[in-house]
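Architecture at a glance
One letter stands for each residue in the lines below.
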Amino acid sequence: MPTDPPVTPGNLQFELVPVPVRDLDRSKAFYADQVGFTLDVDVEPAPGVRVVQLTPPGSSVSIKLSTGFPKLDMEPGTLRGLHLVVADIDAERNRLIANGIDVEPVEDVRGVQFAYFADPDGNTWTLQHLPWRPIR
């Protein structure tokens, strides 16, 4: 796309994480409707191949839910601890709970705060608040 940042020689731009799931439609609804990720792509470019790509608000890294890519096969529910950095962990946790997601209580580890939740397949996510990061 014309608005994508340029790829500079020597850089390794991290942009996509495959998330192993059983049911693409259920997971698409979870990430888009409950967590609030933006749906970027939902295509079937070939028989037996489907790609659903979603991006967390404010992030340059997306997740990919897919079928038909044998080299990306992972057991659903085996991805652990992807971090979503937030400005207000209590507000974000409350928003997710209001959207029907079971989010564990906030833990404070020497000033850094964490709250954990899982997708329908058991892949785990971590809300993280870093108090020294500026809020825009």
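Above this note sits the structure.
Residues numbered from 1 in each chain as written. Predicted model: local features only at pLDDT ≥ 70, side-chain atom pairs only at ≥ 80, totals over all residues. Heavy atoms only, no water.

**Looking at the pattern of salt bridges**
Oppositely charged side chains can pair when the atoms bearing their charge come close. Counting across every chain of the model gives seven salt bridges. Here arginine 22 ties to aspartate 121 by a salt bridge, and the two come within 3.2 Å at their closest N and O atoms. One end of the pair, arginine 22, is in the loop between strand 1 (16–18) and helix 1 (24–35); the other, aspartate 121, is in the loop between strand 7 (112–118) and strand 8 (124–129), and 99 residues separate them in sequence. We classify arginine 22 as exposed; its relative accessible area is 54%. Looking at aspartate 121, the relative accessible area reads 11%, which means it is buried. Between glutamate 92 and arginine 95 there is a salt bridge whose closest N-O contact spans 2.5 Å. Of the two residues, glutamate 92 and arginine 95 are both situated in helix 2 (residues 89–98); the distance of three residues between them amounts to about one turn of the helix. Taken together, the shared-partner salt bridges in this structure form one network comprising Arg22, Arg26, Glu75 and Asp121. (Salt bridge = Lys/Arg side-chain N within 4 Å of Asp/Glu carboxyl O. Helix = DSSP H or I, 4+ residues; strand = E, 2+ residues; numbered from the N terminus. Buried < 20%, exposed > 50% of the residue type's maximum accessible area, 1.4 Å probe, protein only.)

**Some words on the pairing of strand 7**
Pairing analysis gives three bridges linking strand 6 (residues 107–109) to strand 7, with the strands arranged antiparallel. For glutamate 107, the partnering residue across the bridge sits in strand 7 and is phenylalanine 114. Hairpin geometry of strand 6 and strand 7 is characterised by an intervening segment of two residues between the two adjacent antiparallel strands and by a positive phi of about 55° at arginine 110. Between strand 7 and strand 8, which pair antiparallel and follow one another directly, the connecting turn spans five residues, one of which, glycine 122, has a positive phi of 100°. (Pairing = 2+ DSSP bridges.)

**A look at the pairing of strand 2 (residues 38–46)**
Moving residue by residue along a regular strand, the side chains alternate between the two faces of the sheet. Across six bridges, strand 2 lies against strand 3 (residues 49–55) in antiparallel orientation. Considered in strand 3, the bridge of alanine 46 is made with valine 49. In this structure, the hairpin formed by strand 2 and strand 3 is closed by a connection of two residues, where glycine 48 is found at a positive phi of approximately 80°.

**So, the sheet that holds strand 5 (residues 82–85)**
Spatially, 5-8-7-6 is the arrangement adopted by the four strands of the open sheet, whose pairing is mixed. Of all strands in the sheet, those with a lone pairing partner are strand 5 and strand 6, marking the two edges. Between one strand axis and the next, the sheet turns by 30° as a mean value, whatever way the strands run. Along the sheet, helix 2 contacts strand 7 and strand 8; its crossing angle with strand 8, the most-contacted strand, is approximately 150°. (Axes fitted to C-alpha atoms, helices over the stretch in contact; angles between N-to-C directions. Contact = heavy atoms within 4.5 Å.)

**Let's talk about the sheet that holds strand 3**
Pairing within the open sheet is mixed, and its four strands lie in the order 1-4-3-2. Edge strands, defined here as strands with exactly one partner in the open sheet, are strand 1 and strand 2. Mean inter-strand twist for the sheet, computed between neighbouring axes without regard to direction, equals 25°. Where strand 1 lies against strand 4 (residues 62–67), three bridges are found, and the strand directions are parallel. Bridge pairing links leucine 16 to serine 62 in strand 4. Taken strand by strand, helix 1 contacts strand 2, strand 3 and strand 4, and its axis lies near 10° from that of strand 3.

**Some thoughts on the packing of aromatic side chains**
Scanning the entire structure with this criterion turns up five aromatic pairs. Measuring from ring centre to ring centre gives 5.8 Å for phenylalanine 37 and tryptophan 125, while their planes differ by 80°; the resulting arrangement is edge-to-face. With a gap of 88 residues between them, phenylalanine 37 in the loop between helix 1 and strand 2 and tryptophan 125 in strand 8 connect regions that are remote in the sequence. As far as the burial class goes, phenylalanine 37 and tryptophan 125 line up, both buried. (Phe/Tyr/Trp six-rings, centres within 6.5 Å; stacked < 30°, edge-to-face > 60°.)

As far as function goes, none of this settles anything; it's purely spatial.
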